[in-house]
Amino acid sequence: MEVNPFEIIKNSISNHNLFKKTDTLLVSFSGGPDSVFLMKALKKLHTGPLIYVHFVHGLRLSDEKKEAALLKEIERKNNILIITRRIPTKAYAKKFGVSIEHAGRLLRHSFLIHFSNLKKASHIVTGHHFDDHVETYLLKKQRGSTYPIGLNFKAHLYNKSFIKPLLEINKKTILKTLNTDNEIFIKDPSNDNLIYERNIIRHSTQPTASKIKLILKDIKNNLLTSKNLKERTSLLINRINVKRNEFSISTKFLETTDQGECKFFLNSFIHFVFSSKKTKKKLITPSSVHSSKHIDSIYDALKKHNTKLTSFKLNIPNFHTVQINKNILKIYSEKRDNKHPLQNKNKITNDLVINFENLTEAKSPSAYDFNDYKIEITLMKSPHIKEASEKIPLINQKTTLSDKTSFIYKSKAPNSSNSGFIESISFYDFETIKDNSLIIRTRKSNEKITTFGNQTKTLKKYFIDAKIPQEFRQSVPLFFIENTLVWIGGFQRSKHYKITKNTKQILKIELIKKNHK
């Protein structure tokens, strides 16, 4: 006999003590199947006030009128009132240099907390279900989490109670119930867009029943391990010395901790640093978005680096630096202009368009300014292909400034004649370019690059793999020809317009970054 899903939810609410029947609940309502099902469940199981809030992200302008009409129909049919607010997702993502996903999540949290305070709600309720629980585990595992877990029925974020009463209900049951009752809901096409990391997990991985059992068992074990580690880590956190914007601790704790516990502490340490920064602003700003690769790098340095002789440094998000020196692990924030914290490192101007028709073969290059960079364009005649190719050793490789680091990290270029400048160069077969202009701009959304190995990556994926700090990504110059990304300035050149034995004219692009003092 099939169990009534609302009875399962009722038991979840009771077993996990999620809320009282008379509590005021603020419901995050997207209008999709999950939130409509959540609304049905709460109307059946809750007697207290229910406040529904819907956010328009401004990402699908063509669908907004249709979705607004569906929301009105849902309101009418179910006799509810939905508060609708528009949130500046794209502007927020651009300002802070984060993904659209992360921007939307932080903005939703910001406004949910705002309305929760305004309406004096006891809890904020979301429609996350069992499939989301499993996907979160898989996503964390893919990102390199040592002890990946899924979602919790109840969590405190930013001193607010967020609850998820549907975690024992799967998507199949939700859709079946809604279709049986002929319920209206919004179908979000972005759920099928593979530019979002969670959607890739959702569509590429469909765990079998036996696999799900193993996942749930691993989550249970990881929760227990994490609980024990939190207790031990809290003792270490209490030993952190705090002096203004500098946080430090002795590395001697390594002598009694294994790899898993050490990495767990490092992750907690970074979270502690970011959570120590309190803000009175209504909008939540990005905090610790460091990856497991940052943790791995710090751990390797702690284990392998002779800190008595040399100093290890690593940039992490939000303009912070990790340093190990003389057996002291330190995290500190870089000095910035308080009035304009992003002015120097994320200064953004309009697109720069360079017309190829104005280029002539000359010894002196054409020079242009773009943000904090100087760009020199040279059109080179190449009658002797062998000789030219010998002078261009990096045309088929990732362009870097030294053997390991790029200009974005302020590494000094070897043998540079321009003291105070850092340079990088890329070359292209000019005769194969059909367009008459080169466009240079900073990062927007959905950009991709195809490398010489025919591997196509999104900028987000490339930046993560290349361990480029979050705060620098929005200021990296991008070079486009014929609407194709041909160069992530100073880092990765695309496969397009490569030099061949038939090349007659070579387009040379030199990128120079001024040294900030």
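Residues numbered from 1 in each chain as written. Predicted model: local features only at pLDDT ≥ 70, side-chain atom pairs only at ≥ 80, totals over all residues. Heavy atoms only, no water.

A. Structural detail: the overall build of the protein. Within the protein, the regular secondary structure consists of 14 helices and 22 strands. Per-residue burial over the protein gives 47% buried out of 517 residues. Contacts spanning at least 24 positions in sequence make up 70% of the contacts within the protein whose residues lie at least 6 apart. (Helix = DSSP H or I, 4+ residues; strand = E, 2+ residues; numbered from the N terminus. Buried < 20%, exposed > 50% of the residue type's maximum accessible area, 1.4 Å probe, protein only. Contact = heavy atoms within 4.5 Å.)

B. Spotlight on the packing of helix 6 (residues 130-142) against helix 9 (residues 209-237). Running from N to C, helix 6 and helix 9 cross one another at 70°; their axes reach a closest spacing of 11 Å. Here helix 6 is positioned roughly perpendicular relative to helix 9, judged by the angle of their axes. Regarding helix 6 and helix 9, the two cross each other, and that crossing is left-handed. Note on element contacts: helix 9 touches helix 6 through Ile212, Ile215, Leu216, Asp218, Ile219 and Asn222, opposite Phe130, His133, Val134, Tyr137 and Leu138. A class-by-class count of the residues in the contact of helix 6 with helix 9 yields 8 nonpolar, 2 polar and 1 charged. (Axes fitted to C-alpha atoms, helices over the stretch in contact; angles between N-to-C directions. Parallel < 35°, antiparallel > 145°, perpendicular 65-115°, else oblique. Left-handed = near helix turned anticlockwise from the far one by under 90°. Nonpolar A, V, L, I, M, F, W, Y, C, P; charged D, E, K, R; others polar.)

C. Main features of the side chain of Thr24. Relative to the helices and strands, Thr24 is located in the loop between helix 1 (5-15) and strand 1 (25-28). What Thr24 contacts, discounting residues up to four positions off in sequence, is Pro49, Ile51, Lys119, Lys120, Ala121, Ser122 and His123.

D. Structural view of the packing of aromatic side chains. Applying the stated rule across the entire model yields 7 aromatic pairs. Centre to centre, the rings of Phe479 and Trp487 are 4.9 Å apart; their planes meet at 35°, and the pair counts as tilted. Of note, Lys44 hangs over the ring of Phe6, and the distance from its end group to the ring centre comes to 5.2 Å. (Phe/Tyr/Trp six-rings, centres within 6.5 Å; stacked < 30°, edge-to-face > 60°. Lys NZ or Arg CZ within 6 Å of the ring centre and 35° of its normal.)

E. Molecular detail of the sheet that holds strand 6 (residues 160-163). Spatial ordering of the open sheet is given by 3-2-1-4-6-5, a layout of 6 strands whose pairing is mixed. The open sheet is flanked by strand 3 (82-86) and strand 5 (154-157), the only strands paired with a single partner. Within this sheet the neighbouring strands show an average axis-to-axis angle of 30°, counted without direction. Relative to strand 2 (residues 50-56), strand 1 runs parallel, the two being bridged by 4 bridges. Within the sheet, the bridge partner assigned to Ser28 lies in strand 2 and is Val53. In the packing of helix 3 (residues 64-78) onto the sheet, the strands contacted are strand 2 and strand 3, and the crossing angle to strand 3 comes to about 160°. Running at roughly 115° to strand 6, helix 5 (residues 100-118) makes contact with strand 1, strand 2, strand 3, strand 4 (123-125), strand 5 and strand 6 of the sheet. (Pairing = 2+ DSSP bridges.)

F. Spatial organisation of the pairing of strand 13 (residues 366-370). When strand 13 meets strand 14 (residues 373-381), the two strands line up antiparallel, connected through 5 bridges. Across the sheet, residue Asp369 finds its bridge partner in strand 14, namely Lys374. Once strand 13 ends, the chain turns through 2 residues before running back antiparallel as strand 14, passing Asn371 with a positive phi of about 50°.

G. Region of interest: the sheet that holds strand 11 (residues 328-333). Reading across the sheet, the 5 strands line up as 7-8-11-10-9 and stay open at both edges, with antiparallel pairing between neighbours. Taken across any chain shown, the strands that pair with only one partner, and hence form the sheet edges, are strand 7 (241-243) and strand 9 (312-316). Within the sheet, the average angular offset between the axes of one strand and its neighbour, ignoring direction, is 20°. By the bridge criterion, 5 bridges tie strand 8 (residues 246-250) to strand 11 in an arrangement that is antiparallel. Bridging from a neighbouring strand, Ile249 pairs with Leu329 of strand 11.

H. How the structure looks around the nonpolar core. Grouped together as the largest cluster of nonpolar side chains are 31 residues, with contacts concentrated most on Ile9, Phe19, Phe29, Val36, Phe37, Leu42 and Tyr52. Within the residue set of this core, elements represented by two or more residues are helix 1, strand 1, helix 2 (33-45), helix 3 and helix 7 (171-180). Here this core takes 7 residues from helix 2, the largest share from any one element. Beyond its immediate sequence surroundings of up to four residues, Val36 is in contact with Phe29, Gly31, Ile74, Leu178, Glu183, Ile184 and Phe185. If you look at the next biggest cluster of nonpolar residues, it comprises 26 residues, including Ile249, Phe253, Ala301 and Leu302. (Core = buried A, V, L, I, M, F, W, Y, C linked by side-chain atoms within 4.5 Å.)

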